[in-house]
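# Commentary on secondary and tertiary structure
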Amino acid sequence: EMTTEIRDACSAKFVTYGLSEDADLRLRNLRYENNGLVFDIEVGRRIAGGARAVLGVRMPVPGEHNALNAIAAAVRLMEVPRTGPMSSSPIFLMI
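Fair warning: this is a prediction, and the values are worked out from it, not measured in the lab. (Residues numbered from 1 in each chain as written. Predicted model: local features only at pLDDT ≥ 70, side-chain atom pairs only at ≥ 80, totals over all residues. Heavy atoms only, no water.)

A tally of regular secondary structure across the chain gives two helices and five strands. What you see in the chain, going N to C, is helices and strands ordered as α-β-β-β-β-α-β. Going through the 95 residues of the chain one by one, you find that 34% of them count as buried. Long-range contacts, defined as pairs at least 24 residues apart, comprise 46% of the intrachain contacts of the chain with a sequence gap of at least 6. Of the roughly 6,000 Å² of accessible surface on the chain, 53% is carried by carbon and sulfur atoms. (Helix = DSSP H or I, 4+ residues; strand = E, 2+ residues; numbered from the N terminus. Buried < 20%, exposed > 50% of the residue type's maximum accessible area, 1.4 Å probe, protein only. Contact = heavy atoms within 4.5 Å. Areas by Shrake-Rupley, 256 points an atom, 1.4 Å probe, with all protein chains shown as cover.)

This part takes up the side chain of Arg26. By the secondary structure assignment, Arg26 is in strand 2 (residues 25–33). Salt bridges are absent for the buried Arg26, whose nearest opposite-charge side chain, Glu42, sits at 4.1 Å. Within the local environment of Arg26, its side chain forms a polar contact with the backbone oxygen of Leu19, the two atoms lying 3.4 Å apart. Among all residues touching Arg26, those that are not within four sequence positions of it are Gly18, Leu19, Ser20, Glu21, Asp40, Ile41, Glu42 and Ile71. (Lys, Arg positive; Asp, Glu negative; His and termini not counted. Salt bridge = Lys/Arg side-chain N within 4 Å of Asp/Glu carboxyl O. Polar contact = N/O pair within 3.5 Å; in protein donor to acceptor, adjacent residues only side chain to side chain.)

A positive phi angle, close to 55 degrees, is found at Asn29, a residue other than glycine. Here Asn29 shows up in strand 2. For Asn34, which is not glycine, the phi torsion reads 50 degrees and is therefore positive. As for its placement among the helices and strands, Asn34 is situated in the loop between strand 2 and strand 3 (36–43). When its relative accessible area of 75% is taken as the criterion, Asn34 is described as exposed.

Here the focus is the confidence of the model for the chain. Mean pLDDT for the chain: 83, with 80% of residues reaching 70 or above. Mean pLDDT across the secondary structure elements of the chain bottoms out at strand 5 (residues 91–94), with 66, and peaks at strand 2, with 95. (pLDDT = per-residue confidence, 0-100.)

Turning our eyes to something else, we now look at helix 2 (residues 64–79). Compared with the 22 Å implied by 1.5 Å per residue over 16 residues, the 23 Å span of helix 2 between its first and last C-alpha is a close match. Every buried residue belonging to helix 2 is among Ala67, Leu68, Ile71, Ala74, Val75 and Glu79, and all of these are buried. Relative to the axis of helix 2, the buried residues are bounded by an arc of 115 degrees and lie together on one face. (Expected span 1.5 Å × (residues − 1). Arc of directions from axis to C-beta.)

Put into structure tokens, the structure is as follows:
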């Protein structure tokens, strides 16, 4: 898979998110309620703080892509150091 090839070719830390069972943050149980989205996020053990679930995330907008964007923002907040150079930031890949 391309993700594995990219990881093997680089020394940077990679964090993945998306619908794949292999993603570090995975979109789960997406549903539409009251003109918006409700979904869960399955957080993998490689993410700071360890494996856990974030349940019942609500967004007042439609579209799976919006849920995936929210997960990308969440992983960024979980993984990027609060201080220090941006070069220490991981690379994020949607899978």
